[in-house]
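Residues per chain, in single letters:
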Amino acid sequence: MSVKVCKFGGSSLADAAGLRRAAEILAADESRRFVVPSAPGKRFDGDRKVTDLLITCHELARQGLGFDEPWGLVAERFAAIVAELGVSVDLEGWLAEARAGIEATAAVGPDFAASRGEALNGRVLGALLGWACVDPAEVIWFNERGRLDEERTYRALGGRLKELGRAVVPGFFGSRADGDGSPASIKTFSRGGSDVTGAIVARAVMAAVYENWTDVPGLLITDPRVVPGAFPIEVVTYRELRELSYSGARVLHEEAVFPVRSAGIPVRILSTREPGEPGTWIVAAADPKAETEYEITGIAGRSGFTGFMIEKAMMNAEVGFGMRALAVLDRHEISFEHVPSGVDTMTLVIDDAYFEGADAVITREALAEEIKSATHADEVDVDPAISLIATVGRGMKRKPGMAAKLFAALHEADVNIRMIDQGSSELNITIGVDDADYASAVRAIYRKFVGD
Ligand code: ASP
């Protein structure tokens, strides 16, 4: 029988009604045999996610302070879920154990604390379904470099799930390479990582489909805040999904694609609010579902980039120029988004997160100075406030006139293009525009390719 793995996001499991709805969805299809829950998310605007509360607990414990306030909210959330579902579980015992672990790992890091939302929700969901809840700490393993240990994980997880036939596997965490089952051995994926667990479970059992249940109707063709009425994409390929990663609203954790992609397992984004709707399929290019009559699949964009325009006479004849410029980025652990170039110019387009906010590593001016001295460039101009817009479509490949259509749309909307880059896969054309032109550019492209 073909097996489906279902991951439910935090906003779909935010309260007892959400858990019940998930149980109904699982019951509606015999082949839905493995389920990966997130921690309870927000129930309403202004509500707090259980994971955020737990990270606050850790932060207070780390500073040697009491954490009764956020912990009380976590305990209340689970008490209400358990009471409303009427399941008989040892919640008091589980909470006491979690609290003791948070205290024990105060000096170690936030991972154990952060993981408890999934750990507890998984056990409650298991009790509701009457299915076993597998402890990810026993079957999902990281290696010494902090990456997934695929071989060890697939062997342990695949074996356990085969034995059980049906099971709940809490999302978001596993064990460090030398893990011994203690709270300090727990390691989480990055935020939103239950998607990754879902993909790993799907890969471990070689599922026919990885169903990712959310509270949105699928991956939207573009940002609905910019184009009201933007509708879900029916089918997107894994590669297109990567090119669409500028979308503000990400439906799937970036790393979740890899375990399923290599095994050719399709992903389906579905909404618990409208379980009957088709959602979005994410498939390999070779999948028959990927055949398309549409020119474009989606338009994704984001503001907040800076261009560093490097100019040097005879740059094209200078061996190693690019390497010297990029070595500066390497030194500061900065990655670039795009590098459009001309005969005597090369522009590095870089995410503003490296220059502003909590994770800033250097100022724009200092970086420009370093690039100038490393490359002996004539000029390095800093060009902030760039928005990138990727127009993506497997239907564009080898089709003449696509760029003309795109640029005509921007011309008609009176948008000046500051940068152009066509991905070598011919799947996307990315342009850079002024932040002030971002919304009108997206709307113009949408009107041209999709219609009003
Ligand atoms: N609960 C975790 C988070 O809030 C992981 C997840 O929901 O996927 O990031």
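Here goes a summary of the coordinates provided. (Residues numbered from 1 in each chain as written. Predicted model: local features only at pLDDT ≥ 70, side-chain atom pairs only at ≥ 80, totals over all residues. Heavy atoms only, no water.)

## Overview of the sheet that holds strand β12 (residues 345-351)
A sheet is described by the order of its strands in space; here 5 strands give the open sequence β12-β11-β13-β15-β14, paired in antiparallel fashion. Of all the strands in the sheet, just β12 and β14 (417-422) have a single pairing partner and so form its edges. Sheet twist, expressed as the average angle between the axes of neighbouring strands with direction ignored, equals 35°. In terms of strand pairing, β14 meets strand β15 (residues 428-434) through 5 bridges, oriented antiparallel. Its bridge partner being in β15, I420 is matched across the sheet by I431. Set on the sheet, helix α13 (residues 402-412) makes contact with β13 (379-392), β14 and β15; between it and β15 the angle comes to about 20°. (Pairing = 2+ DSSP bridges. Helix = DSSP H or I, 4+ residues; strand = E, 2+ residues; numbered from the N terminus. Axes fitted to C-alpha atoms, helices over the stretch in contact; angles between N-to-C directions. Contact = heavy atoms within 4.5 Å.)

## What about the packing of helix α2 (residues 50-62) against helix α3 (residues 68-85)?
Close contact between α2 and α3 brings their axes to 8 Å; oriented N to C, the two are set at 145°. Crossing hand, α2 versus α3: left-handed. For the pair α2 and α3, contact is made by V50, L53, L54, T56, C57 and L60 and by P70, W71, L73, V74, R77 and F78, respectively. Grouping the amino acids of the contact of α2 with α3 by side-chain chemistry returns 10 nonpolar, 1 polar and 1 charged. (Left-handed = near helix turned anticlockwise from the far one by under 90°. Nonpolar A, V, L, I, M, F, W, Y, C, P; charged D, E, K, R; others polar.)

## Looking at the sheet that holds strand β1 (residues 4-8)
One open sheet holds the 8 strands; their spatial order is β3-β4-β2-β1-β7-β9-β10-β8, and the pairing between them is mixed. Every interior strand has two partners, whereas the edge strands, β3 (132-133) and β8 (235-237), have only one. Strands in contact with helix α1 (residues 16-27) are β1, β2 (32-37) and β7 (209-214); relative to β1, the strand with the most contacts, it is inclined by about 170°.

## Concerning the pairing of β2
The buried count for β2 comes to 6 of 6 residues, which makes it a mostly enclosed element. Judged from the 5 bridges that link them, β1 and β2 form a sheet pairing that is parallel. Among the inter-strand pairings, K7 is bridged to a residue of β2, identified as V36. Handedness of the crossover is the feature at issue here: the chain leaves β1, passes through α1, returns alongside β2, and the resulting connection is right-handed. (Buried < 20%, exposed > 50% of the residue type's maximum accessible area, 1.4 Å probe, protein only. Right-handed = clockwise from strand over helix to strand, strands pointing away.)

## Quick look at the pattern of salt bridges
Scanning the entire structure with this criterion turns up 31 salt bridges. Its salt-bridge partner being D47, residue R43 comes within 2.7 Å of it at the nearest N-O pair. Its relative accessible area of 41% is what places R43 among the partly exposed residues. According to the relative accessible area criterion, D47 is buried, its value standing at 10%. Among the salt bridges present, the one from E370 reaches R331, with a minimum N-O distance of 3.1 Å. Within this pair, whereas E370 is found in helix α12 (residues 364-375), its partner R331 is found in helix α11 (residues 321-331), the two being separated by 39 residues in sequence. Linked through salt bridges whose partners overlap, the residues forming this network are K4, D29, R32 and E211. (Salt bridge = Lys/Arg side-chain N within 4 Å of Asp/Glu carboxyl O.)

## Quick word on the site of the ligand
Surrounding the ligand, one finds S38, K49, T51, E118, F172, R191, G192, G193 and S194. Measuring from a nitrogen atom of the ligand, one finds a side-chain N or O atom of T51 at 2.7 Å. Within the backbone of G192, an N or O atom sits 2.8 Å from an oxygen atom of the ligand. Contact with the protein chains covers 92% of the free accessible surface of the ligand, which is 260 Å². The residue makeup of the shell around the ligand, split by class, is 1 nonpolar, 5 polar and 3 charged. (Near = heavy atom within 4 Å. Polar contact = N/O pair within 3.5 Å; in protein donor to acceptor, adjacent residues only side chain to side chain. Areas by Shrake-Rupley, 256 points an atom, 1.4 Å probe, with all protein chains shown as cover.)

## With respect to the packing of aromatic side chains
Applying the stated criterion across every chain yields a total of 3 aromatic pairs. Consider the rings of F308 and F355, whose centres lie 5.6 Å apart with planes at 55°: the pair is tilted. Of this pair, F308 sits in strand β11 (residues 298-311) while F355 is found in the loop between β12 and α12, placing the two residues 47 residues apart along the sequence. Just above the ring of W141 sits the side chain of R152; from NZ or CZ to the centre is 3.5 Å. Note that R203 overlies the ring of Y154, its terminal NZ or CZ placed 4.4 Å from the centroid. (Phe/Tyr/Trp six-rings, centres within 6.5 Å; stacked < 30°, edge-to-face > 60°. Lys NZ or Arg CZ within 6 Å of the ring centre and 35° of its normal.)

## Regarding the side chain of T430
Secondary-structure assignment places T430 in strand β15. Polar side-chain contacts of T430 include one of 3.0 Å to the side chain of N428. Residues within four places of T430 in sequence aside, it is in contact with H338, L388, I389, A390, M419, I420 and D421.

## Here we look at unusual backbone geometry
With a phi close to 45°, M206 is a non-glycine residue in the positive phi region. Its location among the elements puts M206 in the loop between α8 (194-204) and β7.

## Some words on the nonpolar core
With 68 residues, the main nonpolar core has L252 and I389 as its most contacted residues. With residues up to four places along the chain from it excluded, the contact list for I389 reads I299, A300, G301, I429, T430, I431, V433, Y438, A441, V442 and I445. (Core = buried A, V, L, I, M, F, W, Y, C linked by side-chain atoms within 4.5 Å.)

## Thoughts on the packing of α3 against helix α5 (residues 111-129)
Two numbers describe how α3 lies on α5: the axes approach to 11 Å, and their chain directions differ by 5°. Accordingly, the angle class assigned to the pair α3 and α5 is roughly parallel. For the pair α3 and α5, contact is made by F78, I81, V82 and L85 and by G117, L120, N121, V124 and L128, respectively. A class-by-class count of the residues in the contact of α3 with α5 yields 7 nonpolar, 2 polar and no charged. (Parallel < 35°, antiparallel > 145°, perpendicular 65-115°, else oblique.)

## Side note on the side chain of D111
With respect to the secondary-structure elements, D111 resides in helix α5. Overall, D111 belongs to the buried group, its relative accessible area being 14%. Within the structure, D111 has its side chain in polar contact with the backbone nitrogen of T188 (distance 2.9 Å). Aside from chain neighbours lying at most four places away, what touches D111 is R176, I186, K187 and T188.

## Details of α11
Within α11, the full set of buried residues consists of F321, A325, V328 and L329. Along the axis of α11, the buried positions cluster into a sector of 100°, meaning they face one direction only. In α11, the exposed positions that point more than 90 degrees away from the buried face belong to M323, D330 and R331. Lining the buried residues of α11 we find β11, β12 and α12. (Arc of directions from axis to C-beta.)

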